[in-house]
Amino acid sequence: MTVIDIPGSKSVTARALFLAAAAQGTTTLLRPLVSDDTEGFAEGLGSLGYAVRRESDAWHIEGRPAGPGADTADVYCRDGATTARFLPTLVAAGHGTYRFDASPQMRRRPLGPLSTALRTLGVDLRHGGKDGHHPLDVHAHGVKGGALTLDAGQSSQYLTALLMLGPLTAEGLDITVTDLVSEPYVEITLAMMRSFGAEVTQEGRTYRVAPTGYRARTYGIEPDASTASYFFAAAALEPGRSVTVPGLGTGALQGDLGFVDVLRRMGADVEITDAGTTVRSTGTLRGLTVNMRDISDTMPTLAALAPFADGAVRIEDVANTRVKECDRLDACAENLRRLGITVETGPDWIEIHPGTPTGPAEIATHGDHRIVMSFAVTALRTPGITFDDPGCVKKTFPDFHRVFDAFVHTP
């Protein structure tokens with residue numbers, strides 16, 4: 001059995017940085033993810049006047065409940081969707097003028113429902129180019145609060161940003177959601193907010209957030225479940241192989257750990273304990289139909305594994321993967337077809353038929369870290385696979401290639 005120490009969760013690290021910046025006192029984050037996305041978030045906080053001190057295995061953030069220390073700032077969000085959506089929301093509770101921009105890739109990704117919601121709350125938010133996209137300016141003068149309706153069908157990050165803003169408002173927030181994707185990510189948000197002292201209740205599709213503020217604390221970051229999916233998939237694929245990821249077990253916050261339930265349905269042996277999760281190959285991978293709406297970041301992992309199943313793998317309800325770092329649904333289909341695999345797609349589904357992928361072939365990554373890491377699994381049984389941009393894994397796991405190669409060559 002191979003034990004893999006997976007880097008910290010990107011989703012948890014980003015939320016923790018927001019909550020720490022908003023809290024009264026100094027927060028210490030243990031084992032945060034160190035990657036392009038999280039470093040961009042921390043750099044953004046620094047530009048806004050928050051004190052962030054980074055050590056190798058701990059980051060210390062001095063909270064500013066009243067808002068950014070800088071009256072004006074230009075913040076570059078890089079490729080980070082959490083940075084690009086969370087930081088403009090955080091500064092709205094302060095006082096000053098702040099400009100945000102992002103990479104061409106992030107500029108293409110939608111922001112509209114969040115912008116509309118912030119404007120409904122009285123925030124002076126102006127887009128500098130295409131409405132609902134970066135760049136944008138926030139002329140902040142605090143947020144009174146109140147009630148709003150939100151469509152979070154494209155991204156749960158819109159709801160997460162507003163929920164985390166709630167305790168910083170004067171009167172609290174009531175948010176009614178008309179549609180919601182990736183709901184387990186919202187559960188992460190609620191659990192973490194409460195751990196920093198917030199009071200949040202939910203009645204049906206309405207979330208009520210009290211204006212409590214936040215309290216600083218020491219907070220440990222659990223391993224990234226989406227990143228773990230590539231190692232779990234590799235273990236399920238290779239006969240006689242197994243992998244254990246410690247620190248990602250029954251108490252995990254992240255819904256993407258549900259990917260191992262998909263592997264179990266396909267025939268893998270899965271054991272989840274308080275200490276961690278183990279996946280073992282049984283030598284069998286069955287085809288299946290699966291709804292991945294709630295764990296859509298692991299859709300490419302399953303797509304890359306799917307040709308090796310004994311029947312078709314149909315993944316449904318993943319329309320939101322079309323507005324990620326790239327159109328992941330089409331990117332998976334394109335690359336599988338390059339490898340000779342029969343694939344069908346629809347607006348929100350992909351069906352992959354069994355077959356033997358054949359190389360050599362260069363995977364078109366579209367600058368998307370998850371496409372690279374997913375097709376590294378396919379490459380285990382497909383000689384000659386290369387990537388047009390292997391370095392884009394820096395977004396969430398800069399050391400992926402070395403760690404994955406060491407894993408697959410461990411007896």
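Just so you know, these numbers come straight off a predicted model, no measurement behind them.

Conventions adopted
- Residues numbered from 1 in each chain as written.
- Predicted model: local features only at pLDDT ≥ 70, side-chain atom pairs only at ≥ 80, totals over all residues.
- Heavy atoms only, no water.
- Helix = DSSP H or I, 4+ residues; strand = E, 2+ residues; numbered from the N terminus.
- Rg over C-alpha atoms; globule rule 2.2 N^0.38 Å.
- Buried < 20%, exposed > 50% of the residue type's maximum accessible area, 1.4 Å probe, protein only.
- Contact = heavy atoms within 4.5 Å.
- Areas by Shrake-Rupley, 256 points an atom, 1.4 Å probe, with all protein chains shown as cover.
- Lys, Arg positive; Asp, Glu negative; His and termini not counted.
- Charge placed at Lys NZ, Arg CZ, Asp CG, Glu CD.
- Core = buried A, V, L, I, M, F, W, Y, C linked by side-chain atoms within 4.5 Å.
- Pairing = 2+ DSSP bridges.
- Axes fitted to C-alpha atoms, helices over the stretch in contact; angles between N-to-C directions.
- Parallel < 35°, antiparallel > 145°, perpendicular 65-115°, else oblique.
- Left-handed = near helix turned anticlockwise from the far one by under 90°.
- Nonpolar A, V, L, I, M, F, W, Y, C, P; charged D, E, K, R; others polar.
- Polar contact = N/O pair within 3.5 Å; in protein donor to acceptor, adjacent residues only side chain to side chain.
- Phe/Tyr/Trp six-rings, centres within 6.5 Å; stacked < 30°, edge-to-face > 60°.

Structural notes on the overall build of the protein
Next up, step 1: Looking only at helices and strands, one finds 13 helices and 24 strands in the protein.
Next up, step 2: On C-alpha atoms alone, the protein measures out to a radius of gyration of 21 Å, which is about the 22 Å that the 2.2 N^0.38 rule sets for 411 residues.
Next up, step 3: Projecting the C-alpha coordinates of the protein onto the three principal axes gives extents of approximately 60 × 40 × 40 Å.
Next up, step 4: Each of the 411 residues in the protein was classed as buried or not, and the buried ones make up 60%.
Next up, step 5: Taking the contacts inside the protein whose residues are at least 6 apart along the sequence as the reference set, 72% of them involve residues at least 24 apart.
Next up, step 6: When the accessible surface of the protein is summed, it comes to about 14,500 Å², and 46% of that surface belongs to carbon and sulfur atoms.
Next up, step 7: Looking at the protein, you have 38 positive and 49 negative side-chain charges, and the mean spots of the two groups are 1 Å apart.

As for the environment of Val 408
Next up, step 1: Within the secondary structure, Val 408 sits in helix α13 (residues 400-408).
Next up, step 2: With sequence-adjacent residues up to four places away left out, Val 408 is seen in contact with Arg 241 and Leu 380.

Description of the nonpolar core
Next up, step 1: One finds Leu 159 and Tyr 214 to be the most contacted residues of the largest nonpolar core, which totals 73 residues.
Next up, step 2: Considering every element that reaches this core, the biggest residue donor is helix α1 (residues 10-22), with nine residues.
Next up, step 3: Apart from residues lying up to four places away in sequence, Leu 159 is in contact with Leu 150, Ala 152, Ile 175, Val 177, Leu 180, Val 186 and Tyr 207.
Next up, step 4: With 68 residues, the next largest nonpolar core counts Ala 234, Met 292, Leu 305 and Val 372 among its residues.

A word on the sheet that holds strand β15 (residues 218-220)
Next up, step 1: Overall, mixed pairing links the four strands, which are arranged β4-β5-β3-β15 in an open sheet. The open sheet has two edge strands with one neighbour each: β4 (51-54) and β15. Averaged over neighbouring strand pairs, the angle between their axes works out to 15° when direction is ignored.
Next up, step 2: Where β4 meets strand β5 (residues 58-62), four bridges bridge the pair, whose relative direction is antiparallel. The residue bridging Arg 53 from the neighbouring strand is His 60, located in β5.
Next up, step 3: Here α1 sits on the sheet and contacts β3 (26-30), β5 and β15; the angle it forms with β5, its principal contact strand, is near 30°.
Next up, step 4: This element, helix α2 (residues 36-47), spans β4 and β5 of the sheet and lies at about 140° to β4.

Describing the packing of α1 against helix α7 (residues 183-195)
Next up, step 1: For the pair α1 and α7, interaxial distance at closest approach is 10 Å and the crossing angle is 40°. In this view, α1 runs oblique relative to α7, as classed from their interaxial angle. Relative to α7, the crossing made by α1 is right-handed. For the pair formed by α1 and α7, the contact residues are Ser 11, Val 12, Arg 15, Ala 16 and Leu 19 on the first element and Tyr 185, Ile 188, Thr 189, Met 192 and Met 193 on the second.
Next up, step 2: Residue composition of the contact of α1 with α7, grouped by class: seven nonpolar, two polar and one charged.

Section: the side chain of Thr 378
Next up, step 1: If you trace the backbone, Thr 378 turns up in helix α12 (residues 369-378).
Next up, step 2: Classification of Thr 378 by relative accessible area gives buried; the value is 0%.

Describing the side chain of Ser 155
Next up, step 1: In this fold, Ser 155 is placed in the loop between β10 (146-152) and α6 (157-165).
Next up, step 2: There is a polar contact of 3.2 Å between the side chain of Ser 155 and the side chain of Arg 85.
Next up, step 3: At 3.0 Å, the side chain of Ser 155 and the backbone nitrogen of Gln 157 are in polar contact.
Next up, step 4: Those residues in contact with Ser 155 that lie beyond four places of it in its chain are Arg 85 and Val 181.

Points about unusual backbone geometry
Next up, step 1: Note the cis peptide between His 134 and Pro 135, where omega equals 5°.
Next up, step 2: Note on placement: Pro 135 falls in the loop between β8 (124-127) and β9 (136-141).
Next up, step 3: That bond from Gly 359 to Pro 360 is cis: its omega, 0°, falls within 30 degrees of zero.
Next up, step 4: Mapped onto the elements, Pro 360 comes out in the loop between β22 (350-352) and β23 (361-363).

Quick word on the packing of aromatic side chains
Next up, step 1: Overall, the coordinates contain nine aromatic pairs when judged by the stated rule.
Next up, step 2: With a centroid separation of 6.4 Å and an interplanar angle of 90°, the aromatic rings of Phe 18 and Phe 86 are classed as edge-to-face. Residue Phe 18 is located in helix α1, and its partner Phe 86 is located in helix α3 (residues 81-92); the two are separated by 68 residues in the primary sequence. Comparing Phe 18 with Phe 86, the two get one shared label, buried.

A look at the sheet that holds strand β6 (residues 72-76)
Next up, step 1: Spatially, four strands are ordered β6-β7-β9-β8 in an open sheet, and the strand pairing comes out mixed. Edge positions in the sheet fall to β6 and β8, since each has one partner strand and no second. Taken pair by pair, the neighbouring strands of this sheet meet at an average axis angle of 15°, ignoring direction.
Next up, step 2: The pairing of β8 with β9 spans four bridges and is antiparallel. In the strand pairing of β9, Asp 124 is matched with His 139.

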